[in-house]
Amino acid sequence: MKRFPIFGWLIIVLGILYFFTPLVGTLEWSLRIVSRDSFSLNAYTNVLMSERFQRTFGFSFIAALATIVVSVLLVAPTAYWVHLKLPRLRPWVEFVTLLTFVVPAIVLVFGIVRVYSRPPFSLMETEWGTNFLVIMGYTALSLPYTYRAVDTGLRAIDVRTLTEAAQSLGAGWGTIIFRVIFPNLRVALLSGAFLTFAVVMGEFTISNFILPGIVSFGPYMVNLNQTRPYEAAAVAIISFGLTWTSIGVIQLLGRGAPGQLAGTR
Amino acid sequence: MASTTGTARRFSWEWIGVVPFFLYALLFLIIPSSFLVIGSFQNAQGGFTLDNFVGLFDETVRNSYTLSLQISLFTALAGGVFGFLMAYAAIAGGLPRFVRSFLLTFSGVASNFSGVPLASAYISTLGRQGMATILIGRQIRGEVLQNPNLGYAVAVGMVVIMSVSIIIYSWLQRKTEGWLR
Amino acid sequence: MSFLELTNVRKLFGQVAAVENFNLHVERGEFVSFLGPSGCGKTTTLRMIAGFELPTDGTIRVNNKDITFQPPQKRDTGMVFQSYALFPNMTVADNVGFGLMIAKKSKAEIKQRVDEMLGIIKMFGLGNRYPYQLSGGQQQRVALARALAIRPQVLLLDEPLSALDAKIRISLRAEIRAIQRQLGITTIYVTHDQEEALSLSDRVVVMNNAKIEQVGTPFEIYNFPQTEFTAQFVGTLNTLQAQVRDAARGALVVDGQEISTAQKLDGFNAGDAVTISLRPERVAFYGELQKSNVLNVTIQNITFLGSIVRIQVRSGENIFYMDEFNNPFLALPKIGDQQQITFSREAVLVLKSGDARGKTF
Ligand SMILES: Nc1ncnc2c1ncn2[C@@H]1O[C@H](COP(=O)(O)OP(=O)(O)OP(=O)(O)O)[C@@H](O)[C@H]1O
Ligand SMILES: [Mg+2]
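Residues numbered from 1 in each chain as written. Chains lettered and ligands numbered in written order. Predicted model: local features only at pLDDT ≥ 70, side-chain atom pairs only at ≥ 80, totals over all residues. Heavy atoms only, no water.

Of regular secondary structure, chain B possesses 9 helices and 0 strands. Mapped in sequence order, the helices and strands of chain B form the string α-α-α-α-α-α-α-α-α. Excluding contacts between residues fewer than 6 apart, the proportion of contacts in chain B whose partners are at least 24 apart in sequence is 66%. Accessible area for chain B stands at about 10,400 Å²; split by element, carbon and sulfur atoms hold 69% of it. (Helix = DSSP H or I, 4+ residues; strand = E, 2+ residues; numbered from the N terminus. Contact = heavy atoms within 4.5 Å. Areas by Shrake-Rupley, 256 points an atom, 1.4 Å probe, with all protein chains shown as cover.)

See the structure below:
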């Protein structure tokens, strides 16, 4: 006879309570905007209809996509190349990707503003320039996530032999990277991408310092917190839903195709 | 008989492949961060000084460091203990499989940083919205003491603390990797 | 001019020589195996032909063209790896058609060639499977088809069967040889399994310690090993220490007993210490069949190996084996018995002590 695992369930239930109590509280709060006794979705409609929400959310969304592209194009070929040809450089690449953890975002953004607000690179004056700098800053934040994901993916396939097989069939580097390596890193790249997405959507420090006023989603949420508590709660719930979905998608993809997956599981 | 020497043949252009990555790191990570280090050794007139580091032991600065460290430590410990208990319950506690996959999904973000959750949690709390971060921000803008260079020193102090944490983290992770092998 | 020529090829990894003094000519359509123990440089040589390693010295020519410095993409060689190395993200058909797609062939042509290749490897109709849906043997057949689909000038196989189990290994190796004959493709086959090398190849290159020991047909390699290493490595071979008594007569001394060899002993003097080889199957008990040489030995051990019985005997310092075909009426001696054994003069081979350096085969 197997005993009912009381201890196990207790811990899990406690954990769920711990995580979900604030969440449920927030959810309930966001529904009470009209009166204390009835629920309404007004906070959500207010937020979703508001021009500032749409603008900042849109900005961060596009910035997140741009960051993902830059980050993947920067990290994946480098990690692949280091894996294949320059294994001695591996600790250095790893070190750079961890720099983001060592150097706080506030320090980084401050340095970036200092360097790029004077010649030879005066990028702070134009909108194009500040957007560019923000993407570069976001990319720095995403490096550890993207690198870890790609690295795990590369370890899961026999990179060297696959590369050589493709080479002997006449494939050049572009074909090898985009047709052989990347497709086999699909899951790894996607999980890195979703993490990057979550990080960028919630990012406050970098965009707040580089961009004038409230342009991105992070500062918008902070500002909302101070001015409109019900809507702020609604936004929190929305963000949480987004993150949850992202992670769910990663898990699903990881499960999808046995034998050809790589990355988080 | 054509016989080229080994060295002449062996020169390789392989390092070209990592140039973009390190160029990026230089332009957007290393040069910007080094501004801090330089600034922390300068006084308001731009001359060399160590005063800023002496200033780190001022009461306000020290307090905010201590507070930051305390919060981080507490968070990390609580998270580590609780996380461990949950993981243990899910794996060894005889719970159905779906609980496990649910937990995995839930902690998906963290699981990307497999290894020592304690150190990991410690580091990210320290780096994000700790008191020190707020202090640095205000210092750099000259809001508190009208002395941005002190702000730099505060930041450099944080970088040092973070580096130590990261080194311990890497070391612990290498060790656990060794155990698991 | 041979089809594939390796001239004075050498490869150093740092200070370590992985391949040295490698000279080999392979004719068009020939099937050549590299045989040797682990670490002797077989894979390194193959990878230099494929272009994955640059030789430190020497030249490689295919079809009269110097390819020593050509990148692997331009070499027109097909490669089959021990680990199959199929692209996990592609179907069988896409794997086989990959090289043709790179070569920008038309869709129709690719499809036709893929179907043809799948027919050759007897996997017609499995084109839509993914590699993970195939057995190891099937995966390796697909890898073979993929390498052959581009009609390469040279087919290179690096221990393609060592990840498979014994039965499949034997059937697949016959299949590989049949396909090779059918297409007439020049093939280099790396293996450390002597049975594989002997049964498949037109010629076998025996390698040891980064160097070629001997090159020859399987028949030559087995029956006339020229070096002690070849003799030891190919088949079970007895080596005995002997002294030359009279070079002109071919007379030798083993443990104080005189035997003779049919081999010419040019260049040897009376008193020279030599190593001689003797295949176990060519030794018999005295009295069964009368041969020219007789040795007194002590029986040390007897092992049943199914169709044969292997008997370990000892003569002075020399311990060696003799094989008897098994049959129900076989009368076996006991361990410790003194016996006389016999073998022909032709069975006694005097091995060269040196190496085959500087020779082209
Ligand atoms: N990339 C490399 N760097 C340094 N040494 C190497 C490298 N590749 C091979 N070697 C060395 O060269 C020698 C020959 O290796 P090679 O792989 O050619 O052996 P092999 O005959 O194929 O052996 P096996 O039967 O085990 O596959 C070995 O001593 C090996 O350690
Ligand atoms: Mg090998």
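That covers the picture; the talk isn't over yet.
Attention now goes to the overall build of chain C. Along its length, chain C carries 8 helices and 20 strands. With respect to the three principal axes, the spread of C-alpha positions in chain C is 75 × 50 × 35 Å. Across the 361 residues in chain C, those meeting the buried criterion constitute 54%. Total accessible area on chain C is roughly 15,900 Å²; 49% of this is exposed by carbon and sulfur atoms. Treating the 39 positive side-chain charges of chain C as one cloud and the 36 negative ones as another, the clouds have centres 7 Å apart. (Buried < 20%, exposed > 50% of the residue type's maximum accessible area, 1.4 Å probe, protein only. Lys, Arg positive; Asp, Glu negative; His and termini not counted. Charge placed at Lys NZ, Arg CZ, Asp CG, Glu CD.)

This part is about the interface of chain C and chain A. Many descriptions give the size of an interface as the accessible area lost when the pieces come together. Across the boundary between the two partners, chain C contributes 23 residues, which contact 21 residues of chain A. In terms of surface lost to chain A, no three residues of chain C exceed Gln73, Asn89 and Tyr132 of chain C, which account for 28% of the buried area on that side. Our count for the chain C to chain A interface comes out at 1 salt bridge. Between Arg47 of chain C and Glu164 of chain A there is a salt bridge, with its nearest N and O atoms 2.8 Å apart. Between the two partners, chain C and chain A, sit 4 residue pairs in polar contact (both at pLDDT 80 or more). Elements represented by at least two residues in the side of chain C that touches chain A include exactly strand 6 (77-80), helix 2 (92-102) and helix 4 (136-149) of chain C. With 4 residues, helix 2 of chain C is the single largest residue contributor to the side of chain C that touches chain A. When the residues that make up the side of chain C that touches chain A are grouped by side-chain class, the tally is 16 nonpolar, 5 polar and 2 charged. (Buried area = accessible area lost by both parts, 1.4 Å probe. Salt bridge = Lys/Arg side-chain N within 4 Å of Asp/Glu carboxyl O. Polar contact = N/O pair within 3.5 Å; in protein donor to acceptor, adjacent residues only side chain to side chain. Nonpolar A, V, L, I, M, F, W, Y, C, P; charged D, E, K, R; others polar.)

Once that is clear, we can look at the pairing of strand 2 (residues 16-26) of chain C. Residues and elements named next belong to chain C. Of the strand pairs in this sheet, strand 1 (residues 4-13) and strand 2 are connected by 7 bridges, and their pairing is antiparallel. When the bridges of strand 2 are listed, Val9 appears paired with Phe22. The hairpin formed by strand 1 and strand 2 contains 2 residues between the paired strands, and Gly14 there has a positive phi angle of roughly 65°. (Pairing = 2+ DSSP bridges.)

Another point: the sheet that holds strand 1 of chain C. Residues and elements named next belong to chain C. Strand order in the open sheet formed by 4 strands is 2-1-4-5, with antiparallel pairing between adjacent strands. Of all the strands in the sheet, the pair left with one neighbour each is strand 2 and strand 5 (65-66). Where strand 4 (residues 57-62) lies against strand 5, 2 bridges are found, and the strand directions are antiparallel. Each bridged residue has a counterpart across the sheet, and for Arg61 the counterpart in strand 5 is Asp66. Strand contacts of helix 1 (residues 42-50): strand 1, strand 2 and strand 4, with the helix running at about 120° to strand 1, the strand carrying the most contacts. (Axes fitted to C-alpha atoms, helices over the stretch in contact; angles between N-to-C directions.)

Attention now goes to the packing of aromatic side chains. This model, assessed by the stated rule, comprises 23 aromatic pairs over all chains. When the ring of Phe41 of chain B is compared with that of Phe48 of chain B, the centres are 6.0 Å apart and the planes differ by 5°; the resulting orientation is stacked. You can call Phe41 of chain B partly exposed: its relative accessible area is 29%. Here Phe48 of chain B falls in the exposed class, since its relative accessible area comes to 65%. Judged by centre distance (6.4 Å) and plane angle (65°), the rings of Phe219 of chain C and Phe224 of chain C are edge-to-face. Overall, Phe219 of chain C belongs to the exposed group, its relative accessible area being 57%. Judged by relative accessible area, which is 45%, Phe224 of chain C ranks as partly exposed. An aromatic cluster is built from Phe53, Phe57, Phe61, Phe197, Phe217 and Tyr220 of chain A, whose rings are joined through pairwise contacts. The ring of Phe87 of chain C is capped by Arg146 of chain C, whose NZ or CZ atom sits 4.6 Å from the centre of that ring. (Phe/Tyr/Trp six-rings, centres within 6.5 Å; stacked < 30°, edge-to-face > 60°. Lys NZ or Arg CZ within 6 Å of the ring centre and 35° of its normal.)

To continue, consider the nonpolar core. Buried together is how nonpolar side chains tend to be arranged in soluble globular proteins. One finds Tyr80 of chain A together with Phe22, Phe34, Phe87, Phe98, Ile188 and Val205 of chain C to be the most contacted residues of the largest nonpolar core, which totals 120 residues. Broken down by element, this core gets its largest block of residues, 15 residues, from helix 3 (residues 51-84) of chain A. Not counting residues within four places of it along the chain, the set of residues in contact with Phe34 of chain C comprises Phe22, Leu24, Lys42, Thr45, Leu46, Ile188, Tyr189, Val190, Thr191, Val205 and Met207 of chain C. Membership of the second largest hydrophobic core comes to 33 residues, among which are Met117, Leu126, Leu161 and Leu172 of chain C. (Core = buried A, V, L, I, M, F, W, Y, C linked by side-chain atoms within 4.5 Å.)

All names here are of chain C. Read from one edge of the open sheet, 5 strands run 13-12-11-14-20, paired in antiparallel fashion. In this open sheet, the two strands that pair with only one neighbour each are strand 13 (257-260) and strand 20 (349-350). Pairing geometry for strand 12 (residues 251-254) and strand 13, over 4 bridges, is antiparallel. Following the sheet pairing, Ala251 is matched in strand 13 by Ser260.

Scope: geometric values only; no functional claims are made or implied.
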